[in-house]
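Per-entry structural report
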Amino acid sequence: MPSGRIKRRVLIALRWTNPRMLRAIGQYAREAGWHLETRPFFNETMPFRWRGEGLIVSNPQRDDLRAFIRRQAPLQPTVLIGGNRFGIRAAQVTEDDRRAGQLAARHFIEQGHRHFVWFT
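The sections below set out a description of the structure shown in this document. Remember, it's a predicted structure, so these values are computed and weren't measured experimentally.

**Digging into the packing of aromatic side chains**
Two measures describe an aromatic ring pair: the distance that separates the ring centres and the angle between the ring planes. Counting across every chain of the model gives three aromatic pairs. A centroid spacing of 5.2 Å and a plane angle of 70 degrees characterise the contact between Tyr 28 and Trp 34, whose relative ring orientation is edge-to-face.

**A short note on the sheet that holds strand E2 (residues 34-37)**
Ordered by their spatial adjacency, five strands build an open sheet running E2-E1-E3-E4-E5, and the pairing between neighbours is parallel. Taken across any chain shown, the strands that pair with only one partner, and hence form the sheet edges, are E2 and strand E5 (91-93). Pairs of neighbouring strands in the sheet enclose a mean axial angle of 20 degrees, with direction left out of account. Pairing of strand E1 (residues 8-13) with strand E3 (residues 54-57) involves four bridges; the strand directions are parallel. Looking at E3, one finds that Leu 11 is bridged to Leu 55. Running at roughly 140 degrees to E2, helix H1 (residues 19-32) makes contact with E1, E2, E3 and strand E4 (78-81) of the sheet.

Thresholds applied
- Residues numbered from 1 in each chain as written.
- Predicted model: local features only at pLDDT ≥ 70, side-chain atom pairs only at ≥ 80, totals over all residues.
- Heavy atoms only, no water.
- Phe/Tyr/Trp six-rings, centres within 6.5 Å; stacked < 30°, edge-to-face > 60°.
- Pairing = 2+ DSSP bridges.
- Helix = DSSP H or I, 4+ residues; strand = E, 2+ residues; numbered from the N terminus.
- Axes fitted to C-alpha atoms, helices over the stretch in contact; angles between N-to-C directions.
- Contact = heavy atoms within 4.5 Å.

And the structure:
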């Protein structure tokens, strides 16, 4: 990132932990020059005075954090991860478990396996 460029502040508020997804978000943020605000995710701190340029969220457990996200989502780009919209309009990323199972089954069959299970 060029020196002197202001980092975009992006708030992360997810209900669950997926290390691979967090690593991918972190890597993209580093490449894009984002500053990630992760306190709502890691220690459930309410970001009362937070002002930023984007949100990456799922359905948080805390009612006050959900209300905060509902207020903030219309004000900046927001990506909702998972299937529960909890009253916000936003771009949404969801898993395709059926397709993942199909790809896994094809791989196992190609490897000669006849007995396997797919669990998500």
